[in-house]
Amino acid sequence: MPFLRAGGPELYYEVVGEGEPLVLVHGSWNDHTSWRPVIEADLRASFRVLTYDRRGHGRSGAGPAPGTRRQDEDDLAALIERLGPAPAHVAGNSFGAATALGLAARRPELLRTLTVHEPPLMAIVSGDPAAVAEMGAARASIDAVLDLLRKGEHERGARLFVEEVAIGPGTWDGLPRRVREAFAHNAPTFLDEQSDPDWASLDLEGLSRCPVPVLLSGGTQSPAWLTTVLDHLAAALPRARRQRLEGAGHIPHVTHPAQYVAALTRFARQG
């Protein structure tokens, strides 16, 4: 099995397809397998696709202490530099989108285009009263999820996160079994991510100097505060475009793979 050591734990990765390099960065609770629907929906026909398990997820190792998003950014940089090749197209979902944006603010030369779906960057909208009110309910649910995870109730915590934070009521049972299993397996890493004091913030000033074309996508069924986050990012990024994915929520690469592939591919070719 292919692993890369990038100054930290070993990172598991897979490469399929031919063409320009595309690196996919998964979100919290997930691993590289969450991208299979979009790879099978023809991404591999258009790109050389690199997927990997972020540290602590899937088959990748974990560090000796809770990790930080900055470390995830450094891992992504090492993967692009050593396996890319750079510059590469990059697409990230949720926490993976926040990771990719953090790297874009620091090292834009590694990116050819960037597609991000609903990064949960709560800190950048902390001055928006409407967003703060909306995030209050989400924060309460997240605290309840963390309490379940501390008790070792990983599947219950994953279900609560999916139904009250990420997607919506009644959606857990509709997810593919392998996705539910991945959520439960990777649940402890969510505790690590939430312990990072900077997980929800972003260097908007640095991002404003990023010359890379960026597609900001959101689902029409997602919580409104995530759209507010995208509004703030659009105002900061000099080459931002917006994309609404009709009928989709927080993980469109799982629930609406054909629509997601069409949007990503079109943007990467035009970017």
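Residues numbered from 1 in each chain as written. Predicted model: local features only at pLDDT ≥ 70, side-chain atom pairs only at ≥ 80, totals over all residues. Heavy atoms only, no water.

S.K.: What exactly am I supposed to notice about the overall build of the protein here?
M.R.: The helix and strand tally for the protein stands at 11 helices and eight strands. Computed over the C-alpha atoms, the radius of gyration of the protein is 17 Å, within 12% of the 18 Å expected from 2.2 N^0.38 for a compact globule of 271 residues. Summarising its shape, the C-alpha atoms of the protein cover approximately 45 × 40 × 35 Å along the three principal directions. Every one of the 271 residues in the protein was classed for burial, and the buried ones make up 55%. (Helix = DSSP H or I, 4+ residues; strand = E, 2+ residues; numbered from the N terminus. Rg over C-alpha atoms; globule rule 2.2 N^0.38 Å. Buried < 20%, exposed > 50% of the residue type's maximum accessible area, 1.4 Å probe, protein only.)

S.K.: Would you mind showing me how to read the nonpolar core here?
M.R.: Nonpolar side chains in soluble globular proteins generally cluster together in the buried interior. In this structure, W29, L76, I80, V90, L114 and L233 are the most contacted members of the largest nonpolar core, which totals 67 residues. Dropping the residues within four chain positions of it, L114 is found in contact with V90, A100, L101, A104, V212, P213, V214, L215 and F267. (Core = buried A, V, L, I, M, F, W, Y, C linked by side-chain atoms within 4.5 Å. Contact = heavy atoms within 4.5 Å.)

S.K.: Help me understand the packing of aromatic side chains, please; the structure alone is not making it clear to me.
M.R.: A ring pair, where both rings are aromatic, is described by two values, the distance of the centres and the angle of the planes. Under the criterion given, the structure shown has seven aromatic pairs. Seen from their ring centres, W29 and F183 are 6.0 Å apart, and the 15 degrees between their planes marks the pair as stacked. On the criterion of sequence distance, the pair formed by W29 in the loop between β3 (20-25) and α1 (36-46) and F183 in helix α6 (residues 177-185) is long-range, its members being 154 residues apart. Relative accessible area serves as the criterion here: at 3%, F183 is assigned to the buried category. (Phe/Tyr/Trp six-rings, centres within 6.5 Å; stacked < 30°, edge-to-face > 60°.)

S.K.: For this particular structure, what's the right way to read the side chain of N30?
M.R.: With respect to the element layout, N30 can be found in the loop between β3 and α1. In this view, N30 contacts H57, V179, A182, F183 and N186; residues no more than four positions away in its chain are not counted.

S.K.: I would appreciate a short explanation of the side chain of H117 in the present structure.
M.R.: As for its position among the elements, H117 is in strand β6 (residues 111-117). Only 2.9 Å separates the side chain of H117 from the backbone oxygen of G249, close enough to count as a polar contact. Beyond its immediate chain neighbours, meaning those up to four positions away, H117 contacts G92, N93, S94, A97, S217, G218, G219, L245, G249, H250 and P252. (Polar contact = N/O pair within 3.5 Å; in protein donor to acceptor, adjacent residues only side chain to side chain.)

S.K.: Honestly, the pattern of salt bridges in this entry has me stumped. Any pointers?
M.R.: Once the charged atoms of two side chains with opposite charge are near each other, the side chains can pair. On inspection of all chains with the given rule, the structure shows 18 salt bridges. With a closest N to O distance of 2.8 Å, D75 and R55 form a salt bridge. Of this pair, D75 sits in helix α2 (residues 69-83) while R55 is found in the loop between β4 (47-52) and α2, placing the two residues 20 residues apart along the sequence. On the accessibility criterion, R55 (15% relative accessible area) is buried. The closest approach of N and O atoms between R156 and E153, which form a salt bridge, is 2.5 Å. According to the relative accessible area criterion, E153 is partly exposed, its value standing at 27%. Here the salt bridges do not stand alone but share partners, grouping R69, E73, D74 and R106 into one network. (Salt bridge = Lys/Arg side-chain N within 4 Å of Asp/Glu carboxyl O.)

S.K.: Explanation requested: α2 in the structure shown.
M.R.: Quick reminder: α-helices carry 3.6 residues per turn. Residues three or four places apart thus point the same way. Look at α2: 21 Å from first C-alpha to last across 15 residues, which is about the 21 Å you get at 1.5 Å a residue. Residues R69, D72, E73, D75, L76, A77, A78, L79, I80 and L83 constitute the buried set of α2. (Expected span 1.5 Å × (residues − 1).)

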